[in-house]
Amino acid sequence: MNKTINILLFIIICSIPFITANNYYGDDNGLTLFVDSNANNKGYLPGDQCGNSTEFSCNNLGDAVEYFKTVAVVQDPTSSVWIYQLLNIKMASGTYEANENSANFYQFNVTISPINDNSGGVMFTGGSNANSSSSSPLFTITPPPGASQTLPESQITISGINFNGFSQSILKVNTNHTYTSFTFQGCSFNKFDSSNNLNYSMISINTQLLQQPNITTTFSMVNCSIEDANSGNNTLIMALNTVVYIVNSQGDFINTRIVFLIEYGGLHVNNAYFNYCTTQQGILFALDSSFTLETSSFHNNIANFTSAVATFGGSKLNSISFDCNQSEFINNTSPYGSLFLVGQYGVDYATVNISNNVFNGNTAIYTANIPISVSNSTFTNNNSGVEGSIINAETTIVQVTDCVVTQSTPSTSSSNGVLFYIAYSTAYITNVTFPDVSNVFTCQSSYLFFSKEPTNFNPSNSVLCVNCQASFSNTDQIICQTPPPTSTSSFIYVSSSTSAGTTTTGSSTILQISKFLIVFSILISIILINKV
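Cut-offs and rules
Residues numbered from 1 in each chain as written. Predicted model: local features only at pLDDT ≥ 70, side-chain atom pairs only at ≥ 80, totals over all residues. Heavy atoms only, no water. Pairing = 2+ DSSP bridges. Helix = DSSP H or I, 4+ residues; strand = E, 2+ residues; numbered from the N terminus. Core = buried A, V, L, I, M, F, W, Y, C linked by side-chain atoms within 4.5 Å. Buried < 20%, exposed > 50% of the residue type's maximum accessible area, 1.4 Å probe, protein only. Contact = heavy atoms within 4.5 Å. Salt bridge = Lys/Arg side-chain N within 4 Å of Asp/Glu carboxyl O. Phe/Tyr/Trp six-rings, centres within 6.5 Å; stacked < 30°, edge-to-face > 60°.

Student: Can you walk me through the pairing of strand S28 (residues 322-325) in this structure?
Tutor: The side chains of a regular strand alternate, residue by residue, between the two faces of the sheet. As paired elements, strand S24 (residues 290-294) and S28 share four bridges and run parallel to each other. Residue Phe-291 lies in a different strand from S28, and its bridge partner there is Phe-322. Direction of pairing for S28 relative to strand S31 (residues 352-355): parallel, over a ladder of three bridges. Pairing of Asn-325 across the sheet is with Ser-355, part of S31.

Student: Looking at this structure, how should I read the nonpolar core?
Tutor: When a protein is soluble and globular, its nonpolar side chains tend to lie buried together. Judged by nonpolar contacts, the single largest core of 118 residues is most densely connected at Phe-105, Phe-124, Phe-163, Phe-184, Leu-284 and Phe-441. Per element, the largest residue contribution to this core is six residues, and it comes from helix H2 (residues 61-71). Setting aside anything within four residues of it in sequence, one finds Phe-184 in contact with Ile-158, Phe-163, Ile-170, Leu-171, Phe-189, Ile-203, Phe-219, Ser-220, Met-221, Val-222 and Cys-224. Among the nonpolar cores identified, the runner-up in size contains six residues, and Met-238, Leu-240, Phe-285 and Leu-287 belong to it.

Student: Just to check I follow, could you spell out the environment of Gly-343 for this structure?
Tutor: Checked against the element boundaries, Gly-343 lands in strand S30 (residues 339-343). On the accessibility criterion, Gly-343 (4% relative accessible area) is buried. Taking the C-alpha atoms as reference points, Gly-343 and Thr-395, separated by 52 residues in sequence, lie 10.0 Å from one another.

Student: Would you take a moment to explain the pattern of salt bridges for this structure?
Tutor: Pairing between side chains of opposite charge can happen when the charged atoms of each approach one another. Overall, the coordinates contain two salt bridges when judged by the stated rule. A salt bridge links Lys-69 to Glu-66; the shortest N-O distance between them is 3.4 Å. Linking Lys-69 with Glu-66, this pair stays in helix H2, spanning three residues, or about one helical turn. Classification of Glu-66 as partly exposed rests on a relative accessible area of 37%.

Student: Where do I start with the packing of aromatic side chains in this structure?
Tutor: Two descriptors summarise a pair of aromatic rings, namely the distance from one centre to the other and the angle between the planes of the rings. The final tally for this structure, using the stated rule, is 33 aromatic pairs. With a centroid separation of 5.6 Å and an interplanar angle of 40 degrees, the aromatic rings of Phe-105 and Phe-139 are classed as tilted. Within this pair, whereas Phe-105 is found in the loop between strand S4 (103-104) and strand S5 (109-114), its partner Phe-139 is found in strand S7 (residues 139-141), the two being separated by 34 residues in sequence.

Here's what the structure looks like:
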């Protein structure tokens, strides 16, 4: 009898750690593991228990993840979406090399942050193999071979971490029909350099996947900074089928093809600051994606093609939109302005709203086939190497309302350089103040309506008419009255008696091919070739 009791007691005692562990691992607050690169604990093998305390921490992130895999449970096994319980990784101040701290966070729900939230002392580095063309990404979200991609969910938040001296990708996501949320918060990215490596972006999300009907991936950069980055001919951050949020973040001294390239998704930028960036195709490039740009600032950026700041366009979707509000564009230099908007002819795009912005120095806005409404904005010291220092518009509708243009000069690309170049379009100018200069408008094969005659505006030398009909609505004064041809070119006409949103396309036998569309097509081809 006593022997039986002793056996039962032995079984119960041995089961206590197991029961406690399972209760702990299943806790709503998840499992917390500590990592310390300076600890050099030798009391465990890979996969063994570590990190349950600061005294017995894991030596690196890789060890913590491997141990978690041995004890992790699915958060809700009855749910149609599977994800592991929450894992909180707390990291001691120190330097962590990529080759010992890489991890695949597929199906993980994980947070990574310093033990002391405001320490700023946790740094990941590219490691000794960073310059190898075969270097693996630091973090990945990639399903294993044969895994179902319709169930798993991945949620990752990394806070307060510094990333320094990488040439391989810091993050690479490759999921399909899977919900993924990845957030960098309060992180800094310094001295990323992949200029010698082919097809290495700092962050690459779903870039090898085709367009998906339902976007299930989100990526956020909140309170982050990117400094002294050089990705050469590679795009720095590239995401497909992804909604991207850039909030309270900044970038300085970046050399790359494009800083952010988003395709088949969304790009939402709020309170961002990018200065002294040298790119081939601009800082923000939204292709077949909805785009919002608010309360942001861009100073002294240079691009070799398209826009120095933002390019927006698409050819496959007509539900995309772009709003640009309360931002400033100062001394940005490129062949096609600070904002470059290009759409496919014949697609009914939503009007791009550009309001309460400041454009100072060099070129401003270029649009083809995408209607724009510019309001309550100022243009100062604008000049251009192509026609239209302020706005160049082709085959579209332009509304400019309650704006001020000061100290700007006509473009210098030709003897007919102007501030506004309107071609094969309809433009409405309402309550706009112009500088006292000649050659303010070129109206080519277009309709141009002024609500009233502006101050410092002499119609005889302020509007250059080429097959144009231009007039003042308040006095019915005709500036020029040769109607645009309808048999040889394509144009968009909005009757002065209808709202600016109602369009009639002129009958056409020869389609006007915009030089912007040719440039845009070439750039898209380059992007497709260089997907990573």
